[in-house]
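In case you want the letters, here they are:
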Amino acid sequence: MAVTQSTTKPSYSFQETLAASQKANWRLEDIIGGDKRLSFAQPFMPESFARVEELSFLTPAEKMKLNQIRGFDYLCAFGLVEEFILPFVLDHARHQLQGDDYRVRAFLAFAAEEAKHIHLFKHFRTEFETGFGTECLFIGPPEAIAGAILAHDPLAVALVILHIEWMTQRHYLDSVKDERGLDAQFKSLLKHHWMEEAQHTKLDTLMIEALAEGRGEAELEKALGEYLEIGGFLDEGLRQQTEFNLENLQSSAGRKLSGDERAEFMTKQHQALRWTFLGSGMTHANFLATLERLSPALRKRVEQVAPVFC
Ligand SMILES: [Fe+2]
Ligand SMILES: [Fe+2]
C-alpha cells in the first residue's frame, strides 16, 4: 500500500492554518442531538473498515449488528486517542507562548478542537448506547492508555498523532465520502472531524519539525522505535477490543458462535481493526513523506512493517 510522493517540504503556515480553523469551526449541535439521531436500520462504517462480509457464518442482521459495533469501537477509539492528544498539544504550546502570535493561537485552537472532538465522540457514544439495545464493551480506561503513551519520547508521540490525523483524512476521503447507504449522522461525524483534522495534520507536521530539530540519525531512529512500540501497544489493545467485539456481537445477536467461527472472527476482525487504526495511517503518503524528510531510513522501516497492519 506504500505510495511514493515528493518529499519537498510543504509550506504550512500558522497564520493560514488558524484562518482555516476559524472557517471550519462547527458546533456539536450541527452534527448530533435534537432530530439528528443515529439510524440503527443502516450501517455506520464502510465495509473496507468493518469487513463483516468476510464472515459468511453471520446472518445479514448479525452483519449489520457487527458493522454498528465497529462504529461503536470507532467512537470509543477516537475518544480515547483524543484524550492524549489534547494534553500533548497543550504541553507543546505551553513552552512557546512568546514569539509568533499566530503559532500560539493556532495551537490553542488545535487543543480547543480536540476538546470539542472528545465531547462529540462522547455524545455519539451516548446516542449509540441509548439506541443499540445491548451494552457494549470497550478497552480502557482512557487515562491509563494516555499515560502509557505520553511516557514516551515527545517526538514518538507526535509521530503517532500525525499518523492518526492523516488517517482521519483518509478515512473520510477514501472510504466514507462517496459511500452510499451509511447512516447520515455517522457520515456527518467523519466529515466534520475530517474538516478540522485537516488543520491538525499541518500543525503536527510543524510540531514534528520543531521536536526533531538538532537530532542526529541515531536519535531519530530511536524515536521511530518508540513510535513502533506505541503501535505495538495499540495493536494489543485492538486485539483485546476484537475479543470484546465478539462478546458484543454474541450478546446483541443472542447466540454463541462455534469454536471455528470464533477463531475466524478473531483473525479477520483483528485485521479489520488493524487496517482501520494502524495500516491506514502508516501507509498514508503524507505521513511517509514527513518520515522521509526526517530520514529515508525511518520511512523504509515503517514501510517494512506496515503490511502486517493492512
Ligand atoms: Fe480530533
Ligand atoms: Fe486532531
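Structure first, text after, so check above.
Keep in mind it's a predicted model, so treat the numbers as computed, not measured.

(A) Local environment of the overall build of the protein chain. Broken down by element type, the protein chain carries eleven helices and zero strands. Along the chain direction, N to C, the helices and strands of the protein chain fall in the order α-α-α-α-α-α-α-α-α-α-α. For 310 residues, the compact-globule estimate of 2.2 N^0.38 gives 19 Å, and the C-alpha radius of gyration of the protein chain, at 19 Å, lies within 12% of that figure. A buried classification covers 55% of the 310 residues belonging to the protein chain.

(B) Region of the structure containing the coordination of the iron ion (ligand 1). For the iron ion (ligand 1), the full set of protein donor atoms is Glu82 (OE), Glu82 (OE), Glu114 (OE), His117 (ND1), His193 (NE2) and Glu197 (OE), and the range of their distances to it is 2.0 to 2.7 Å. One can describe the donor arrangement at the iron ion (ligand 1) as irregular, given that its six donor atoms subtend angles of 51 to 171° at the metal. All donor residues of the iron ion (ligand 1) come from one chain, and their arrangement in sequence is E-x31-E-x2-H-x75-H-x3-E. In this model, the iron ion (ligand 1) sits 3.4 Å from the iron ion (ligand 2), the two metals being bridged by Glu114. Taken together, the residues span a long stretch of sequence, with Glu82 in helix α3 (residues 60-94) and His193 in helix α7 (residues 184-212) at a distance of 111 residues. The burial state of Glu82 is the same as that of His193; both residues are buried.

(C) Structural detail: the pattern of salt bridges. Taken as a whole and assessed by the stated rule, the structure comprises 19 salt bridges. The residue Lys222 makes a salt bridge to Glu226 at a minimum N-O spacing of 3.4 Å. Taken together, the residues span about one helical turn, with Lys222 and Glu226 both in helix α8 (residues 217-253) at a distance of four residues. The class of Lys222 is exposed, set by a relative accessible area of 55%. Through salt bridges that share partners, Glu62, Arg255 and Glu261 make up one connected network.

(D) Quick look at the coordination of the iron ion (ligand 2). Of the protein atoms, only Glu114 (OE), Glu165 (OE), Glu197 (OE), Glu197 (OE) and His200 (ND1) coordinate the iron ion (ligand 2), at distances of 1.9 to 2.5 Å. Counting along the primary sequence, the residues that act as donors to the iron ion (ligand 2) give the motif E-x50-E-x31-E-x2-H.

(E) Quick look at the packing of α3 against α8. For the pair α3 and α8, the least separation of the axes is 10 Å and the interaxial angle reads 135°. On the basis of their axis angle, the class for α3 and α8 is oblique. Judged by the sense of rotation from one axis to the other, the crossing of α3 with α8 is right-handed. Where α3 approaches α8, its residues Glu62, Lys65, Leu66, Ile69, Arg70 and Asp73 are matched on the opposing element by Gln241, Asn245, Asn248, Leu249, Ser252 and Ala253.

(F) Highlighting unusual backbone geometry. For the bond running from Gly140 to Pro141, omega is -5°, close enough to zero to count as cis. By the secondary structure assignment, Pro141 is in the loop between α4 (101-132) and α5 (142-150). One non-glycine residue, Arg51, adopts positive backbone phi at about 50°. The residue Arg51 is located in the loop between α2 (47-50) and α3 in this model.

(G) Seen up close, helix α11 (residues 296-305). All of the buried residues in α11 are Leu298, Arg299 and Val302. For α11, the buried positions fall inside an angular range of 95° around the axis, keeping them on one side. What points out from α11, more than 90 degrees from its buried face, is the exposed set Pro296, Lys300 and Gln304. On its buried face, α11 is in contact with α8, α9 (259-282) and α10 (285-294).

(H) Fine view of the packing of aromatic side chains. According to the stated counting rule, one finds 16 aromatic pairs in the structure shown. Centre to centre, the rings of Phe44 and Phe186 are 5.1 Å apart; their planes meet at 5°, and the pair counts as stacked. Here Phe186 lies in helix α7 and Phe44 lies in the loop between α1 (14-24) and α2, a separation of 142 residues in the sequence. Phe186 shares its class with Phe44; the two are buried. Ring centres 6.2 Å apart and planes at 85° place the aromatic pair Phe124 and Phe186 in the edge-to-face group.

(I) Structural view of the nonpolar core. Core analysis: the biggest nonpolar cluster contains 97 residues, and Phe84 and Tyr227 have the highest contact counts within it. If sequence neighbours within four positions are ignored, Tyr227 has contacts with Ala156, Leu159, Val160, His163, Met282, Phe287 and Val302.

What counts as what
Residues numbered from 1 in each chain as written. Chains lettered and ligands numbered in written order. Predicted model: local features only at pLDDT ≥ 70, side-chain atom pairs only at ≥ 80, totals over all residues. Heavy atoms only, no water. Helix = DSSP H or I, 4+ residues; strand = E, 2+ residues; numbered from the N terminus. Rg over C-alpha atoms; globule rule 2.2 N^0.38 Å. Buried < 20%, exposed > 50% of the residue type's maximum accessible area, 1.4 Å probe, protein only. Donors = N, O, S within 2.8 Å, 3.2 Å for Na, K, Ca; no water. Tetrahedral: all angles 85-135°; square planar, octahedral: opposite > 155°, others 65-115°. Salt bridge = Lys/Arg side-chain N within 4 Å of Asp/Glu carboxyl O. Axes fitted to C-alpha atoms, helices over the stretch in contact; angles between N-to-C directions. Parallel < 35°, antiparallel > 145°, perpendicular 65-115°, else oblique. Left-handed = near helix turned anticlockwise from the far one by under 90°. Contact = heavy atoms within 4.5 Å. Arc of directions from axis to C-beta. Phe/Tyr/Trp six-rings, centres within 6.5 Å; stacked < 30°, edge-to-face > 60°. Core = buried A, V, L, I, M, F, W, Y, C linked by side-chain atoms within 4.5 Å.

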